[in-house]
Amino acid sequence: MDRMFRVLGFWTLIIGLMALAGGMIPMALIFFAQTVIFMLLGYLGLSERTYILLFWGYMIVSFTGFTYWSFFRMSI
């Protein structure tokens, strides 16, 4: 599971670089921060259960934030 966090770090880095190339600076910074967090967690060597709980927590926070932003903050 620790390798999957490093894979998540790789993909968030790729998405951050594409956002930076597209001129979306705030989005790129968010994804670069996620890259750092995922890479650090990937090298900690925690237990399988801890990694799963961290991933579920990340999913709940990210989906809640995305739903809030797309429903309340985005203009049509």
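This text goes with the structure placed above it.
What you see is a predicted model, and the numbers here were worked out from it, not measured in a lab. Numbers given for residues are sequential positions, taken from 1 along each chain in its written order. At least 70 in pLDDT is required for a residue's local features to be given in this predicted model, at least 80 for side-chain atom pairs to be given and counted, and no such filter applies to totals for whole chains, interfaces and linings, which use all residues. Excluded from the side-chain calculations are hydrogens and water; all other atoms, namely the structure's heavy atoms, are used.

**Thoughts on the side chain of T12**
Then step 1. Here a helix means four or more residues in a row that DSSP labels H or I, a strand means two or more in a row labelled E, and each is numbered from the N terminus. Among the secondary structure elements, T12 is positioned in helix α1 (residues 2-21).
Then step 2. Residue exposure (1.4 Å probe, protein chains only): buried if accessible area is under 20% of the type maximum, exposed if over 50%, otherwise partly exposed. Overall, T12 belongs to the buried group, its relative accessible area being 6%.
Then step 3. A distance of 2.8 Å separates a polar atom in the side chain of T12 from a polar atom in the side chain of T35.
Then step 4. Setting aside residues up to four positions removed in sequence, T12 forms contacts with F31, Q34, T35 and F38. Polar contact is the term for a pair of N or O atoms within 3.5 Å; when the atoms are in protein, one must be able to donate a hydrogen and the other to accept it, and sequence-neighboring residues count only if both atoms are side-chain atoms. We call two residues in contact when some of their heavy atoms are within 4.5 Å.

**What to know about the packing of aromatic side chains**
Then step 1. Only rings of Phe, Tyr and Trp enter the pairing, Trp through its six-membered ring, and a pair is recorded when the two centres are within 6.5 Å. The plane angle decides the type: under 30 degrees is stacked, over 60 is edge-to-face, the rest tilted. Counted according to the given criterion, the structure contains six aromatic pairs.
Then step 2. With a centroid separation of 5.0 Å and an interplanar angle of 70°, the aromatic rings of F10 and W11 are classed as edge-to-face.
Then step 3. Each ring, one from F71 and one from F72, has its centre 4.8 Å from the other, and the planes form 90°; the classification is edge-to-face.
Then step 4. Residue F72 is classed as exposed on the basis of its relative accessible area of 59%.
Then step 5. An aromatic cluster of three or more residues is present, and its members are F5, F38, Y51 and Y58.
Then step 6. By definition here, charges over rings are those cases where NZ of Lys or CZ of Arg is within 6 Å of the ring centre and within 35 degrees of the ring normal. Its guanidinium or amino end placed over the ring of Y43, R6 lies 4.6 Å from that ring's centre, counting from NZ or CZ.

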